[in-house]
Amino acid sequence: TRKRMTTRWMQALLAPLFALFCLAAAAQVPQPPRIPARSYMLFDASANQVLAARDPDIPVEPASLTKLMSAYLVFDALRAKKITMEQKLPVSERAWKMPGSRMFIDPSMQVPVEDLIKGMIVQSGNDATVALAEGVGGTVEHFVELMNQQAKALGMNNTSYKNAEGLPAPGHTTTARDLSILATRLMQDFPEYV
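First things first, this report covers the structure right here in the doc. Along each chain, numbering runs from 1 in the same order as the chain's sequence is written. Confidence filtering applies because this is a predicted model: local features only for residues at pLDDT of at least 70, side-chain atom pairs given and counted only at 80 or more, and all residues used for totals across whole chains, interfaces and linings. As a rule here, side-chain values cover all heavy atoms of the structure and leave hydrogens and water aside.

**Digging into the environment of Asn48**
Then, number 1: Residue placement: Asn48 occurs in the loop between β1 (40–44) and β2 (49–54).
Then, number 2: Judged by its relative accessible area of 62%, Asn48 falls in the exposed class.
Then, number 3: For the pair Asn48 and Thr184, spaced 136 residues apart in sequence, the C-alpha separation works out to 9.3 Å. Helix and strand assignments come from DSSP, with helices taken as H or I runs of at least 4 residues and strands as E runs of at least 2, each series counted from the N terminus. Classification of residues uses two cut-offs on accessible area relative to the type maximum, computed with a 1.4 Å probe and protein chains only: under 20% is buried, over 50% is exposed, and between them is partly exposed.

**A closer look at the packing of aromatic side chains**
Then, number 1: Only Phe, Tyr and Trp rings take part, Trp by its six-membered ring, and two of them pair if their centres are within 6.5 Å. Stacked means planes under 30 degrees apart, edge-to-face means over 60, and tilted covers everything else. On inspection of all chains with the given rule, the structure shows three aromatic pairs.
Then, number 2: Ring centres of Phe75 and Tyr193 lie 4.2 Å apart, and the angle between their planes is 15°; this geometry places the pair in the stacked category. Residue Phe75 is located in helix α2 (residues 66–79), and its partner Tyr193 is located in the segment after α7 (176–189); the two are separated by 118 residues in the primary sequence.
Then, number 3: Grouped by ring-pair contacts, the aromatic residues Tyr72, Phe75, Phe190 and Tyr193 constitute a single cluster.

**Description of the side chain of Glu134**
Then, number 1: Looking at the secondary structure, you find Glu134 in helix α5 (residues 126–137).
Then, number 2: Positive charges are assigned to Lys and Arg, negative charges to Asp and Glu, while His and the chain termini are left out of the count. Salt-bridge detection follows one rule: a side-chain nitrogen of Lys or Arg within 4 Å of a carboxyl oxygen of Asp or Glu. One buried charged residue, Glu134, forms no salt bridge at all, with the nearest opposite charge on Arg94 at 5.0 Å.
Then, number 3: We call two residues in contact when some of their heavy atoms are within 4.5 Å. Filtering out sequence-adjacent residues up to four positions away, Glu134 remains in contact with Ser92, Arg94, Ala95, Thr139 and Val140.

**Focus on the environment of Met41**
Then, number 1: Of note, Met41 is situated in strand β1.
Then, number 2: Residue classification places Met41 among the buried positions, given a relative accessible area of 17%.

Have a look at this one:
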């Protein structure tokens, strides 16, 4: 009987402590971030779980995040051996005259693909992006067609590309959800470039 009393006393003591521990743990669960953006999505790709979101399906202008799809197509062309990192691509007048962010290439240059990729990703160079688009797609217009085909193939059903670099254009839109699909597939399909 003394053993039973000790056990009941322990249970009586531990039950409130356990409840207090559970309340403290629940209080530490992070709340969704307060972000002054009209649309966002925080996605855990390893767990395939949305952690937080606000209006992830409303159309937004992707701006330089357009270059994520351009990079996807360039990485795919590298894997298919249509181009190589060492290959030098010409710089068209169109690429040279691109407004906005640039890596400052000009028509007198032949630039290695590796350098153009760095210019596109690190500097967000519109000139580098156009040179890559022409090198992979033949023309920017054909490259943009390939971007839209790839978006559909990835399930990015609310995305429409009008250019390769992300300058504003009517109908050039995506969603936070579609961008999460693209970012996840970039990491999964091309881990060597992460």
